Amino acid sequence: MKTMTKRTAVAALTGVMAVGMLTGCGEKKLDGTKTVATVDGTEIPLGIVSLSVREGQAQTEAMYKSFMGGQDYSIWSMDAEDGKTYGEQAVEQSLKDVELMYIMKEKAADYNVEVTDDDEQKIADAAAAFMAANSEETLQELAVSEDQIKTYLELQTYKSRMHDPLIADVDKDVSDEEAQQSSFDYVSISTADLSDDEIKQKKEDAQKILDDLKAAGSDGDLNEIAKSVDDSYSSVSGTFDTNEDAAKEDSDEESDSSSSSSAYPDEVMKVLRTLKDGEIGPDVIETDTSYYVVKLDKVNDEEATETKKQSIISTRENKLYTDTTEKWLDDADIIVEKKVLKTLKVTDNHKFSIATATPEPTEEAAITETPEVTEAAEGNRGNGYSGSYRGD
């Protein structure tokens, strides 16, 4: 089933407009007019791939910087796979993404997807604003022209609007048996890298938690009981596939779902599957690296089951989207100009960041803001969308 998809231009372009203004200095200037690849006879200029690469680079660097607490780091020169660095992989992935967007544009009419005249005007306005916000030096560094920016925004719009039609035919029928989830609480006490005496103490702690939980009954608070034994202990809630066949299929597909039974040791799962609502595991469960105390909450957790259903549907949608687009790429006549592509580099000594602008407060906001709110807003400068890339 192919449906008409026509989102507003603002919705389609929001993520792209985060590209914003760019400033910086880098290495050898690129020639963005050179053809880096052709897709079914359509030439792709290097400037468009350059813009895609720097957008991805800036997002990745922002993520790593947040993980590292603002400290310096190196990633792009590290070896990845097939003898390539992460920087080289980033360039190749960006080229692949751009190639796919060109294919999507050509196939858009088959899915009743279009970019309207109104969209094109908004794209043109965004591209003009982009050019005006950046220095000539930065634009030369990016090797991007205003026309290429417009093309990139147009391609991103097609990509955004093609998503829903591509997954429209996914089977959304998921049975309760396939998705049913059981919920439980547990305390895990690690025994890794401990001496025999320390392991013995951990076993005694686990047994104390279990005994106190049994004494408290099904209404006992496992977390409070665990902390009463040692404040460093706490309980965790989890879910697992009630149906063992579904659990095996989930494991075979290497699901990263938190509700996958494969997330828990076999010794724990064996005990949990014998329990009923509110029942406590009869003994401390011992694995190679931990002791467990478990309490089953619900054999059939309806909320967790509904979440699992949506997860299964999402997995099917992602698979259909990936399978379809990968086939498009395989079937397309793509020629890559490798010498041109090698001139586009992502390195650790040439970083890009998205420097965002803080919008001016409205008159009403200025009147109603408290000093505390103003201070908090000041501390959150740079969290908005539009802004600038800065190359160091």
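Residues numbered from 1 in each chain as written. Predicted model: local features only at pLDDT ≥ 70, side-chain atom pairs only at ≥ 80, totals over all residues. Heavy atoms only, no water.

A. Seen up close, the overall build of the chain. A count of helical and extended segments in the chain gives 15 helices and ten strands. Within the chain, buried positions represent 40% of all 392 residues. Pairs at least 24 residues apart make up 77% of the contacts formed inside the chain by residues separated by at least 6 positions. A total of about 21,900 Å² of accessible surface is found on the chain, and carbon and sulfur atoms cover 47% of it. (Helix = DSSP H or I, 4+ residues; strand = E, 2+ residues; numbered from the N terminus. Buried < 20%, exposed > 50% of the residue type's maximum accessible area, 1.4 Å probe, protein only. Contact = heavy atoms within 4.5 Å. Areas by Shrake-Rupley, 256 points an atom, 1.4 Å probe, with all protein chains shown as cover.)

B. Structural view of the side chain of Glu99. Within the secondary structure layout, Glu99 lies in helix α3 (residues 86–107). When near neighbours in sequence (up to four residues on either side) are disregarded, Glu99 contacts Ala37, Val39, Ile44, Leu329, Ile334 and Val336.

C. Quick look at the sheet that holds strand β7 (residues 290–298). Ordered in space as β5-β4-β7-β6, the four strands form an open sheet in which the pairing is antiparallel. At either end of the open sheet lies a strand with only one pairing partner, and these are β5 (236–241) and β6 (285–286). Bridging between β6 and β7 involves two bridges; their strand directions are antiparallel. The partner of Ile285 across the bridge, within β7, is Tyr292. (Pairing = 2+ DSSP bridges.)

D. A nonpolar patch on the surface, seen in detail. On the surface, a cluster of nonpolar side chains totalling about 310 Å² of accessible area is made up of Met63, Phe67 and Met68. Looking at the element boundaries, Phe67 is found in helix α2 (residues 46–67). (Patch = residues over 30% accessible without salt bridge, like charges linked within 9 Å, V, L, I, M, F, W, Y side chains within 5 Å. Salt bridge = Lys/Arg side-chain N within 4 Å of Asp/Glu carboxyl O.)

E. Representation of a negative patch on the surface. Taken together, Asp266, Glu267, Glu286 and Asp288 make up a surface patch of like negative charges. With respect to the element layout, Asp266 can be found in helix α11 (residues 266–272). Here Asp266 falls in the exposed class, since its relative accessible area comes to 64%. (Lys, Arg positive; Asp, Glu negative; His and termini not counted. Charge placed at Lys NZ, Arg CZ, Asp CG, Glu CD.)

F. Here's a closer look at unusual backbone geometry. Phi is positive for Ala143, which is not a glycine, with a value near 60°. Mapped onto the fold, Ala143 is located in the loop between α5 (136–142) and α6 (146–166). Of note, Asp193 is a non-glycine position whose phi angle comes to about 60°, a positive value. Relative to the helices and strands, Asp193 is located in the loop between β4 (181–190) and α8 (196–216). Asp193 gets classed as exposed once you look at its relative accessible area, which sits at 80%.

G. Quick look at the sheet that holds strand β8 (residues 334–336). One open sheet holds the three strands; their spatial order is β3-β2-β8, and the pairing between them is antiparallel. Two strands bound the open sheet, and with one partner strand each, they are β3 (42–45) and β8. Averaged over all pairs of adjacent strands, the angle between their axes in this sheet comes to 20°, without regard to strand direction. Its contacts with the sheet place α2 against β2 (35–39) and β3, and it is angled at close to 55° to β3. (Axes fitted to C-alpha atoms, helices over the stretch in contact; angles between N-to-C directions.)

H. Fine view of the pattern of salt bridges. Summed over the entire model, instances satisfying the criterion amount to 14 salt bridges. In this structure, the salt-bridge partner of Arg316 is Glu178, at a minimum N-O distance of 3.5 Å. Note that Arg316 is positioned in helix α12 (residues 302–331) and Glu178 in helix α7 (residues 176–179), a separation of 138 residues in sequence. Among the charged side chains, a network of salt bridges with common partners joins Asp171, Glu178 and Arg316.

I. Focus on the nonpolar core. Among the nonpolar cores identified, the biggest contains 52 residues, and Val36, Ile44, Val49, Met162 and Trp328 are the most heavily contacted of them. Looking at this core, the elements with two or more residues in it are β2, α2, α3, α4 (117–133), α5, α6, α12 and α13 (338–341). Looking at this core element by element, the count peaks at eight residues for α3. Sequence-distant contacts of Ile44, that is, excluding residues within four places in its chain, are made with Lys34, Thr35, Val36, Ala37, Val39, Val49, Val98, Glu99 and Tyr102. (Core = buried A, V, L, I, M, F, W, Y, C linked by side-chain atoms within 4.5 Å.)

J. Structural view of the packing of aromatic side chains. Within the structure shown, the criterion is met by six aromatic pairs. Between Tyr186 and Tyr264 the ring centres are 5.8 Å apart and the planes differ by 80°, which places this aromatic pair in the edge-to-face class. Separated by 78 residues along the polypeptide, Tyr186 in strand β4 and Tyr264 in the loop between α10 (244–252) and α11 bring together distant segments of the chain. Residue classification places Tyr186 among the buried positions, given a relative accessible area of 13%. Under the relative-accessibility criterion, Tyr264 is labelled buried at 12%. Residues Tyr186 and Tyr292 carry aromatic rings whose centres are separated by 6.0 Å and whose planes lie at 35° to one another, so their mutual orientation is tilted. Here the residue Tyr186 occupies a position in strand β4, and Tyr292 occupies one in strand β7, the gap between them amounting to 106 residues. As far as the burial class goes, Tyr186 and Tyr292 line up, both buried. (Phe/Tyr/Trp six-rings, centres within 6.5 Å; stacked < 30°, edge-to-face > 60°.)

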